[in-house]
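Structural features, examined
Read off the chains here:
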Amino acid sequence: MTHHPDHEVELFRDEGAYEVYVDLPGYDRADVDLRWHDGRLHVTAEHRTDEGETRVFNRHVSVPRRIDADGITATYRDGVLNVRLPVSDDDARPGTRIEVEE
């Protein structure tokens, strides 16, 4: 069953991942361009209506933890985009740890 968000974009955190729900009624799956770049999820959708108008949706979602970019998955059903952003195992603290030697 598809979760229909109460707001245009909703973000939830579960055990090992963030779940992002984006309400995109009237768009087709092919209209959606989804990218992970620079620690942010970029959602763009563009749809040309039968009247010749173009509807554009553009949002960015940031999360406070490091994400395993290779593990990101997305589905689009019933006008709702669902993106799962798995938290990286090496996310104790942001950035690259530098060893301090004597």
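Anyway, here's the lowdown on the structure attached to this text. Everything numeric in this text was worked out from a predicted model, so none of it was measured. (Residues numbered from 1 in each chain as written. Predicted model: local features only at pLDDT ≥ 70, side-chain atom pairs only at ≥ 80, totals over all residues. Heavy atoms only, no water.)

**Concerning the environment of P64**
With respect to the helices and strands, P64 occurs in the loop between β5 (54–62) and β6 (73–77). Judged by relative accessible area, P64 falls into the exposed class, the value being 70%. (Helix = DSSP H or I, 4+ residues; strand = E, 2+ residues; numbered from the N terminus. Buried < 20%, exposed > 50% of the residue type's maximum accessible area, 1.4 Å probe, protein only.)

**Digging into the sheet that holds β5**
Sheet architecture is open: 3 strands sit in the order β3-β4-β5, paired in antiparallel fashion. This sheet does not close on itself; its edge strands, each paired only once, are β3 (32–37) and β5. The mean inter-strand angle of the sheet, taken between neighbouring strand axes irrespective of direction, is 10°. Across 6 bridges, the pairing between β3 and strand β4 (residues 40–48) is antiparallel. Opposite D33, over in β4, you have T44 as the bridge partner. (Pairing = 2+ DSSP bridges. Axes fitted to C-alpha atoms, helices over the stretch in contact; angles between N-to-C directions.)

**Considering the pattern of salt bridges**
Enumeration according to the criterion identifies 4 salt bridges in this entry. A salt bridge links E8 to R59, with the nearest nitrogen and oxygen atoms 2.6 Å apart. Placement of the pair is E8 in the segment before β1 (9–13) and R59 in strand β5, with a sequence separation of 51 residues. Counted as one network, the salt bridges with shared partners bring together D14, E19 and R84. (Salt bridge = Lys/Arg side-chain N within 4 Å of Asp/Glu carboxyl O.)

**Some details on the sheet that holds strand β7 (residues 80–86)**
Spatially, 4 strands are ordered β1-β2-β7-β6 in an open sheet, and the strand pairing comes out antiparallel. Of all strands in the sheet, those bounded by a partner on one side alone are β1 and β6. Adjacent strand axes in the sheet meet at a mean angle of 15°, parallel and antiparallel pairs treated alike. Of the strand pairs in this sheet, strand β2 (residues 17–23) and β7 are connected by 7 bridges, and their pairing is antiparallel. Looking across to β7, one finds that A17 is bridged to P86.

**Quick look at the pairing of β5**
Relative to β5, β4 is paired through 9 bridges, and the arrangement is antiparallel. If you follow A45 over to β5, its bridge partner there is F57. Between the end of β4 and the start of β5, which pair antiparallel, lie 5 residues, with G52 showing a positive phi angle near 90°.

**Quick look at the nonpolar core**
Judged by nonpolar contacts, the single largest core of 18 residues is most densely connected at V20, V22, L24, L41, F57, L81 and L85. Only β2, β4, β5 and β7 provide two or more residues apiece to this core. When neighbours within four sequence positions are excluded, F57 is seen to be in contact with E8, V9, V22, L24, Y27, V43, T44 and A45. (Core = buried A, V, L, I, M, F, W, Y, C linked by side-chain atoms within 4.5 Å. Contact = heavy atoms within 4.5 Å.)

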